[in-house]
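Here is what each chain is made of, one letter per residue.
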Amino acid sequence: VRLRIGIGGIGGRMGREIVAAAGDAGVTVVGGVARSETTNATRGSVGAGLRVVDEIGDLLPEIDVFVDFTTVPGTLAHARACAETGTPFVSGVTGLSAEQIEELGGLAHAIPLFYARNMSLGISVILSVLPVLVRVLDGYDVEVVETHHRHKRDSPSGTAMALAETIAAAREVGLSATATYGREGIAPRSPGEIGIHAVRAGGNAGEHTILLADEGEEIRLSHRALSRRTFAIGAVRAARFIANQPVGFYQMTDLIAH
Ligand SMILES: NC(=O)c1ccc[n+]([C@@H]2O[C@H](COP(=O)([O-])OP(=O)(O)OC[C@H]3O[C@@H](n4cnc5c(N)ncnc54)[C@H](OP(=O)(O)O)[C@@H]3O)[C@@H](O)[C@H]2O)c1
């Protein structure tokens, strides 16, 4: 049986990419949710045969998994609705606060819930090897630099935040106490600082570099998404994966281990 999914933000950049990736993966997209202001335009842009609704409840009875790439309030509302009907839920939305991620964790007591701020395989592997590098290169300066397209809403990117949180955790320090977001004026580096920098320009699908350096050497770990397709493929894989999982909170590491 083909898996049936619904997409939150179906007319958005990621939403449209997921429609295409699902078809290639043998997953049926029943339709999606758009804001009431944009449902008509969205119907036109996603093509015939897909149901575009402004009430998630109208779609949930017809789907097996809901995949959301909307906004912070959008994804929280959709997660709550899925928890009520018992529909497995995937979110790739970035910019959620720690409390908001905790709320998703709470909803994962009711449904299988998958959350990843970056759905690419490459970034998940970097996240898993990064603690080793950071621990061995104790005392090296660390800076995270990310570049994204001009339309991106949140900065730094969710991926940059995931990288920085991973670095801070490996050093057993809190990120808020050690992060420096950009520099201006007289701003010498203090020991243990984690520099985080966001570049916004053009159409970049997402680029992240972790720079580790002391006075003698530099290591750069770089990842470049060549298109959004890589994230869309990851999101469809995540949907397939949680469709058959028990209730709980899942991340990319669970998908890779699977
Ligand atoms: N995890 C990953 O791998 C990954 C990769 C890329 C992007 N992202 C994240 O995914 C999110 C979406 O990115 P994007 O570039 O696709 O953005 P986008 O092009 O702006 O698409 C978002 C879509 O969601 C719709 N929307 C917003 N609020 C909604 C609501 N309450 N109910 C229903 N639909 C709603 C928007 O409709 P309107 O046009 O009507 O506002 C729009 O079509 C961002 O948080 C981004 O950072 C994650």
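For every chain, the first residue of the written sequence is number 1, and numbering continues from 1 onward in sequence order. Per-residue local features of the predicted model are confined to residues with pLDDT of at least 70, and side-chain atom pairs are confined, for both listing and counting, to 80 or more; whole-chain, interface and lining totals are unaffected and use all residues. With hydrogens and water stripped out, all remaining heavy atoms of the structure feed into the side-chain values.

1. So, the packing of helix 5 (residues 121-136) against helix 6 (residues 158-170)
Describing two packed helices takes the angle between their axes plus the distance from one axis to the other. What counts is decided by this rule: The angle between two axes is taken between their N-to-C directions and runs from 0 to 180 degrees, where each axis is a line fitted to C-alpha atoms and a helix contributes only its stretch in contact. Strands are runs of DSSP state E lasting at least two residues, helices are runs of H or I lasting at least four, and both sets are numbered from the N terminus onward. Comment on the angle field: the value is read as roughly parallel under 35 degrees, roughly antiparallel over 145, roughly perpendicular from 65 to 115, and oblique elsewhere. When the near helix sits turned anticlockwise from the far one by under a right angle, the crossing is termed left-handed; a clockwise turn instead gives a right-handed crossing. Whether two residues are in contact is decided by their heavy atoms, any of which lying within 4.5 Å being enough. In this classification, the charged set is Asp, Glu, Lys and Arg, the nonpolar set is Ala, Val, Leu, Ile, Met, Phe, Trp, Tyr, Cys and Pro, and all remaining amino acids, among them Gly, are polar.
At a minimum axis separation of 8 Å, helix 5 and helix 6 run at an interaxial angle of 30°. Taken together, the axes of helix 5 and helix 6 are roughly parallel relative to one another. Once helix 5 is placed against helix 6, the crossing between them reads as right-handed. In this structure, helix 5 contributes Ile123, Ile126, Leu127, Leu130, Pro131, Val134 and Arg135 to the contact, and helix 6 contributes Thr159, Ala162, Leu163, Thr166, Ile167 and Ala170. Its residues assigned to classes, the contact of helix 5 with helix 6 shows 10 nonpolar, 2 polar and 1 charged.

2. Some points on the site of the ligand
Convention followed: For this description, a residue counts as near a given molecule or strand if any of its non-hydrogen atoms is within 4 Å of it. Throughout this description, a polar contact denotes any pair of N or O atoms lying within 3.5 Å of each other; where both atoms belong to protein, one of them has to be capable of donating a hydrogen while the other can accept it, and for residues adjacent in sequence the pair is counted only when both atoms sit in side chains. Accessible areas in this description were obtained via Shrake-Rupley with a 1.4 Å probe; residue shielding takes into account the shown protein chains only.
Of all residues adjacent to the ligand, which total 24 residues, the nearest are Met14, Arg35, Thr38, Thr94 and Met119. Methionine 14 is positioned with one of its backbone polar atoms (N or O) 2.8 Å from an oxygen atom of the ligand. In this structure, a nitrogen atom belonging to the ligand sits 3.2 Å away from a main-chain N or O atom of arginine 117. The protein chains hide 80% of the 920 Å² of surface that the ligand would expose on its own.

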